[in-house]
Amino acid sequence: MKLGAMPMQRYIARQICGVWRMYQRRVSLYPYHQCVRSFCQSAFARRQYPRTQGQQFAELLRQRMEEQLGRSSPQAKPYPYRRVVRRGQPFVRTEYSKARTSDLIHNESRAWQNGSWTQTHPRIVLVGLAAGGAGVYYVLHLEQVPSTGRWRFMDVSPMQEWKMGEEAYQSVMRQYSGQILPSWTSASTQVNRVAKRIIRACEAMDAQRAEGAPPSQWTVHVVHEPRQKNAFVLPGGHIFVFTGILPVCENDAGLATVMAHEVAHQIARHSAEKMAGSKILMAGAFVLNLIGFDIGLSQILLNLMLSLPNSRKIESEADELGLRIMSQACYDPRQAVRQRMNADETHDGRLAESAKQLLSTHPVNSHRIANIEAWLPDAERIYQANHCSSSVQALQAMQSVGRGNNISTSASA
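The structure presented is a predicted model; accordingly, all values stated were derived computationally and were not measured. (Residues numbered from 1 in each chain as written. Predicted model: local features only at pLDDT ≥ 70, side-chain atom pairs only at ≥ 80, totals over all residues. Heavy atoms only, no water.)

Below, the discussion takes up the overall build of the protein chain. The secondary structure content of the protein chain amounts to 17 helices and seven strands. Split into buried and exposed, the 413 residues of the protein chain put 33% on the buried side. Across the protein chain, every contact between residues at least 6 apart in sequence was considered, and the portion connecting residues at least 24 apart equals 64%. When the accessible area of the protein chain is evaluated, it comes to approximately 26200 Å², of which 58% is carbon and sulfur surface. (Helix = DSSP H or I, 4+ residues; strand = E, 2+ residues; numbered from the N terminus. Buried < 20%, exposed > 50% of the residue type's maximum accessible area, 1.4 Å probe, protein only. Contact = heavy atoms within 4.5 Å. Areas by Shrake-Rupley, 256 points an atom, 1.4 Å probe, with all protein chains shown as cover.)

Glancing now at the sheet that holds strand β5 (residues 219-223). The strand order across the open sheet formed by three strands is β5-β7-β6, and the pairing between neighbours is mixed. Because the sheet does not close on itself, it has two edges, and the strands there are β5 and β6 (231-234). Recorded for the sheet is a direction-independent mean angle of 15° between the axes of neighbouring strands. Where β6 and strand β7 (residues 238-242) come together, four bridges link them in antiparallel fashion. Looking across to β7, one finds that F232 is bridged to F240. Contacts from helix α7 (residues 158-175) reach β5, β6 and β7 within the one sheet, and its direction differs from that of β7 by about 35°. Sheet strands in contact with helix α8 (residues 186-201) are β5 and β7, and its direction is about 150° off that of β5. (Pairing = 2+ DSSP bridges. Axes fitted to C-alpha atoms, helices over the stretch in contact; angles between N-to-C directions.)

Okay, the nonpolar core next. Looking at soluble globular proteins, one finds that nonpolar side chains tend to be buried together. Counting residues in hydrophobic clusters, the biggest one holds 41 residues, and the most contacted among them are I198, V241, L255, M259, I325 and Y331. For this core, the elements supplying multiple residues, two or more each, are α8, β6, β7, α10 (246-249), α11 (252-267), α13 (295-328), α14 (334-343) and α16 (365-385). Sorting elements by how many residues they give to this core places α11 first, with nine residues. Not counting the four nearest positions on each side in its chain, V241 is found in contact with V191, H221, V222, V223, N230, A231, L246, L255 and M259. Grouped together as the second largest cluster of nonpolar side chains are eight residues, Y169, Y176, L234 and F240 included. (Core = buried A, V, L, I, M, F, W, Y, C linked by side-chain atoms within 4.5 Å.)

Right, let's get into the side chain of D332. Topologically, D332 is positioned in the loop between α13 and α14. Within the structure, the side chain of D332 is placed 3.2 Å from the side chain of R334, a separation counted as a polar contact. Not counting residues within four places of it along the chain, the set of residues in contact with D332 comprises M326 and Y383. (Polar contact = N/O pair within 3.5 Å; in protein donor to acceptor, adjacent residues only side chain to side chain.)

Right, let's get into a nonpolar patch on the surface. Taken together, the side chains of I291, F293, L297, I300, L301, L304, M305, L306, L358 and L359 make up a nonpolar region of the molecular surface, amounting to roughly 910 Å² of accessible area. Among the secondary structure elements, those contributing two or more residues to the nonpolar patch are α13 and α15 (350-359). With six residues, α13 is the largest single contributor of residues to the nonpolar patch. Relative to the assigned elements, L301 resides in helix α13. On the accessibility criterion, L301 (31% relative accessible area) is partly exposed. (Patch = residues over 30% accessible without salt bridge, like charges linked within 9 Å, V, L, I, M, F, W, Y side chains within 5 Å. Salt bridge = Lys/Arg side-chain N within 4 Å of Asp/Glu carboxyl O.)

The subject of this paragraph is unusual backbone geometry. Despite not being glycine, R269 has its phi angle at roughly 55°, a positive value. Checked against the element boundaries, R269 lands in the loop between α11 and α12 (270-291). Positive phi, normally seen in glycine, also occurs at C330, with a value near 65°. Within the element layout of this structure, C330 appears in the loop between α13 and α14.

Shown next as structure tokens:
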């Protein structure tokens, strides 16, 4: 066949397609392919052919990357292997063999002395700097709770806490705007009567809760929600009591236990402490993620190790302060134990109670009752020092006289 019969490109394309079809059918080409492959391997083994431009570019690119990462120097060999370069013409072969432990220690010490250790371990250096800066910031913002002397991290100012409380107050008022009871109802009368004595008893604590903090502007709201057994105090002094908790309290002393506990959160600035603690959790999650921990796993660990224990510690501190406040307000502190027993509706086993103690934001009721019983002697001394027993008897006598007058008035009517 003459080449002039068709263009050269078409002829080459036809030949290539024919060879490809033969290769696909594996007809009489397999021995030839094996011969070519063995010849190429033996030729490269004998180094009879120089490297192509692509191979040279790949080798140059690899060397540049190693130099950039600091691995080309003998002080920073890739752990746990060491680089062995065997030069020959026309090839430069790089092999890696296992390094001895003494070589690794010697190389690391030389890298530390020469300052190249920071280049080979940038992530560890970054974690160390972040941890050092966070530690200094943490120490500079440590303070003691004025009422108990407990040390804590606090970087939230009283003004920031007040703004947060005002925003939350507006939100709660919009949420329960149609359920807030007027002041003339029996539930509002009882709550306001107890709140006045509690607020008067904690004035001295409120004045020293933080340096430069303005006095709390106390407001009392009763929310008609029989299914909600709760009460809370927002930063700034906004008290909310739900009607569902009144049957659990049974009387004024039980209600004083609940309200004094919630007021103690405001006195000790626990809301601001939780806000400051969230920054520690974010910093810890960032450091763990930088080391290589999964972000979900790191959050679970920080929650179990920092957030939940601190929340239980805060609740115990509010129980202690609340017991002092209700004793100062001339409410019998022994009623606090009875109120906690009434609030304990579940009777779980030891294993379930241990799991709840580990995963809950509040201490279990058995631990709270045990703590209150341990604090009772101090609370009773406060109760007796204020001559509360005679005052309570006089108050009960006045209330009984008032009830008798009301009964006689209604009978005459």
